[in-house]
Amino acid sequence: MSHPIHQFDHAITRRPGKSVVSGLRAEDTGPPDHARMLADHAAYMAALRQTGARIIELPPLEDYPDSVFVEDVALCLPQGAVLLRPGTASRAGEVAHMAPTIRQLFENVREIRGPGTIEGGDILTMPGEILVGLSDRTSREGIAELARLVGDWGHKVRAVETPPGVLHFKTDCSLLDADTILSTPRLDASGCFSGYNVIHTCEGEEAAANAIRFNDLVIMPAGFAKTAARLRRAGYDVREIGNSECAKLDGGMSCLSLRFRLEKPAG
Ligand code: CIR
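Overview of the structure. None of these values were measured; they are calculated from a predicted model. (Residues numbered from 1 in each chain as written. Predicted model: local features only at pLDDT ≥ 70, side-chain atom pairs only at ≥ 80, totals over all residues. Heavy atoms only, no water.)

**Considerations on the overall build of the chain**
Inference 1: Helices and strands together make up the secondary structure of the chain, namely six helices and 15 strands.
Inference 2: Its C-alpha atoms give the chain a radius of gyration of 17 Å, near enough to 18 Å, the size a compact globule of 267 residues would have.
Inference 3: When its C-alpha atoms are laid out on the principal axes, the chain stretches across 40 × 40 × 40 Å.
Inference 4: Put simply, the chain has 267 residues, and 55% of those count as buried.
Inference 5: Of the roughly 11,500 Å² of accessible surface on the chain, 50% is carried by carbon and sulfur atoms.
Inference 6: The averaged location of the 35 negative side-chain charges in the chain is 3 Å from the averaged location of its 29 positive side-chain charges. (Helix = DSSP H or I, 4+ residues; strand = E, 2+ residues; numbered from the N terminus. Rg over C-alpha atoms; globule rule 2.2 N^0.38 Å. Buried < 20%, exposed > 50% of the residue type's maximum accessible area, 1.4 Å probe, protein only. Areas by Shrake-Rupley, 256 points an atom, 1.4 Å probe, with all protein chains shown as cover. Lys, Arg positive; Asp, Glu negative; His and termini not counted. Charge placed at Lys NZ, Arg CZ, Asp CG, Glu CD.)

Here it is in structure tokens:
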């Protein structure tokens with residue numbers, strides 16, 4: 001018997017370093033405030049921990065301003081983990097810093113070797129398939145290499161489009177449960193979620209789409225009251241976490257953690 005897709009007993013996070021003020025951004029809306037980001041990060045970890053999971057917090061990496069966004073460097077699946085290959089030069093070295101922790105926790109570790117690139121922000125793992133968005137960071141070759149690496153673990157990989165101007169596929173969507181996805185209307189319009197239940201973000205609240213389902217909680221960025229209310233009406237237990245500082249670097253709730261289950265199901 002397998003566990004529900006949103007049931008996790010572990011998460012890995014990395015404390016933001018002071019260098020985070022130099023993180024990548026599509027548009028400059030001013031430097032993030034480190035102290036405020038730390039406070040939001042602590043609230044985020046407390047929410048994860050409150051669900052009973054073990055949270056592993058790695059130390060800051062000052063040489064890598066974007067390293068707080070751990071999701072992009074690895075994909076954790078029930079059968080093992082895959083070390084990814086970021087599509088931007090300043091982030092490539094982050095993988096080597098995550099690798100020892102992943103190797104300690106997982107027996108089976110595989111690696112994207114390139115030349116393609118693929119970042120975790122573009123990967124949405126559903127029970128029957130893994131959807132991967134093509135983006136400026138994730139190439140067809142990267143997706144094809146992932147498909148080869150996880151095929152014998154029983155995963156089908158489907159390449160989909162990321163809307164133009166959007167950093168990652170999951171900037172615009174999240175898993176809510178085994179067959180329900182939270183999506184911006186613009187991403188859903190591409191047809192990639194046909195066959196799933198889809199809940200849309202409310203108008204003007206597209207940035208609410210980068211949420212996570214972690215055990216009983218839906219953790220979403222604060223400040224999107226209409227979408228939060230819509231999710232609560234649908235029966236989800238919503239927790240809102242401040243994201244003003246990560247948002248300046250195009251980051252959100254999913255980017256801040258690697259989430260996985262190590263305990264094997266009985267029988
Ligand atoms: C970057 O551009 O790589 C970071 N500033 C933001 C990464 C966000 N990660 C994610 O959506 N998974």
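**What about the sheet that holds strand E12 (residues 212-214)?**
Inference 1: Taken in spatial order, the three strands of this open sheet run E12-E13-E14, and their pairing is mixed. Strand pairing shows two members of the sheet lacking a second neighbour, E12 and strand E14 (237-241), which therefore form its edges. The sheet shows a mean angle of 30° between the axes of neighbouring strands, direction not considered.
Inference 2: Note that E12 and strand E13 (residues 217-221) share three bridges and pair antiparallel. In the strand pairing of E13, Ile212 is matched with Ile219.
Inference 3: The strands that helix H5 (residues 225-233) touches are E13 and E14; relative to E14, the one it contacts most, it runs at about 160°. (Pairing = 2+ DSSP bridges. Axes fitted to C-alpha atoms, helices over the stretch in contact; angles between N-to-C directions. Contact = heavy atoms within 4.5 Å.)

**Details of unusual backbone geometry**
Inference 1: Geometrically, the link from Gly114 to Pro115 is a cis peptide bond, its omega value of 15° lying close to zero.
Inference 2: One can find Pro115 in the loop between strand E5 (109-111) and strand E6 (123-125).
Inference 3: The phi dihedral of Asn215 falls on the positive side, at around 55°, and the residue is not glycine.
Inference 4: The exposure class assigned to Asn215 is buried, which follows from its relative accessible area of 8%.
Inference 5: Residues other than glycine seldom take positive phi values, yet Asp250 does so here, at roughly 60°.
Inference 6: Relative to the helices and strands, Asp250 resides in the loop between helix H6 (244-247) and strand E15 (258-260).
Inference 7: Using a relative accessible area of 30% as the deciding quantity, one classes Asp250 as partly exposed.

**A few points about the site of the ligand**
Inference 1: Taken together, 14 residues lie near the ligand, and Asp66, Arg91, Arg137, Leu249 and Cys255 sit nearest.
Inference 2: Here Leu24 contributes a backbone N or O atom positioned 2.9 Å from a nitrogen atom of the ligand.
Inference 3: Between Leu249 and the ligand, the recorded distance is 2.8 Å, taken from a backbone N or O atom to a nitrogen atom.
Inference 4: In the complex, the protein chains occlude 99% of the 340 Å² of accessible area that the ligand would expose alone.
Inference 5: Split into classes, the residues belonging to the shell around the ligand amount to five nonpolar, three polar and six charged. (Near = heavy atom within 4 Å. Polar contact = N/O pair within 3.5 Å; in protein donor to acceptor, adjacent residues only side chain to side chain. Nonpolar A, V, L, I, M, F, W, Y, C, P; charged D, E, K, R; others polar.)

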